[in-house]
Amino acid sequence: MSYRLKLHLHGAEVREIELEPGREYVFGRGSNCDVVLEGQDGISRDHFRIAETDGVWTVSVTSKFGDLLHKGQPVSTLQLEPGTAFKLAGYDFH
């Protein structure tokens, strides 16, 4: 099964990533991140990671400055399933 992650910034889609099994993706404002999140306050240089283990994709916050929002609640880890959405600063992830 193929998984895709869509990134929206203030409602406009800015990127779509096809997630490759066995790979880890680093998200943040640092230039060394796999996915650079620009122009928003509240995002650390290395803010969160998405990784797949045994067919399960998981988001893990690595920043001490802010959790992600899922269904309006702060979370530091989240298992991704089809249709899962979460937020960080001005970004929405689907």
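Rules used throughout
- Residues numbered from 1 in each chain as written.
- Predicted model: local features only at pLDDT ≥ 70, side-chain atom pairs only at ≥ 80, totals over all residues.
- Heavy atoms only, no water.
- Buried < 20%, exposed > 50% of the residue type's maximum accessible area, 1.4 Å probe, protein only.
- Helix = DSSP H or I, 4+ residues; strand = E, 2+ residues; numbered from the N terminus.
- Pairing = 2+ DSSP bridges.
- Contact = heavy atoms within 4.5 Å.

Colleague: Sorry, what's going on with the pairing of strand E6 (residues 56-61) here?
Modeller: A regular strand carries its side chains on alternate faces of the sheet. Alternating positions in E6 separate cleanly, Trp 57, Val 59 and Val 61 being buried on one face and Val 56, Thr 58 and Ser 60 remaining unburied on the opposite face. Summarising the sheet, strand E5 (residues 48-53) and E6 pair through six bridges and their orientation is antiparallel. Each bridged residue has a counterpart across the sheet, and for Arg 49 the counterpart in E6 is Ser 60. By the bridge criterion, four bridges tie E6 to strand E9 (residues 77-80) in an arrangement that is antiparallel. Within E9, the position partnered with Trp 57 by the bridge is Leu 80.

Colleague: I'm lost on the sheet that holds E9 in this one. Help?
Modeller: By way of backbone hydrogen bonds, the strands of a sheet pair with one another, either parallel or antiparallel. As summarised here, the arrangement of the five strands in space is E4-E3-E5-E6-E9, forming an open sheet in which the pairing is mixed. Two strands in the sheet have a free side with no partner beyond their single neighbour: strand E4 (35-36) and E9. Pairing of strand E3 (residues 24-28) with E5 involves four bridges; the strand directions are antiparallel. By the bridge assignment, Val 26 is partnered in E5 with Arg 49.

Colleague: Explanation requested: the side chain of His 8 in the structure shown.
Modeller: Residue placement: His 8 occurs in strand E1 (residues 3-9). On the basis of relative accessibility, which here comes to 15%, the residue His 8 falls in the buried class. When neighbours within four sequence positions are excluded, His 8 is seen to be in contact with Glu 13, Val 14, Gly 90, Tyr 91, Asp 92 and His 94.

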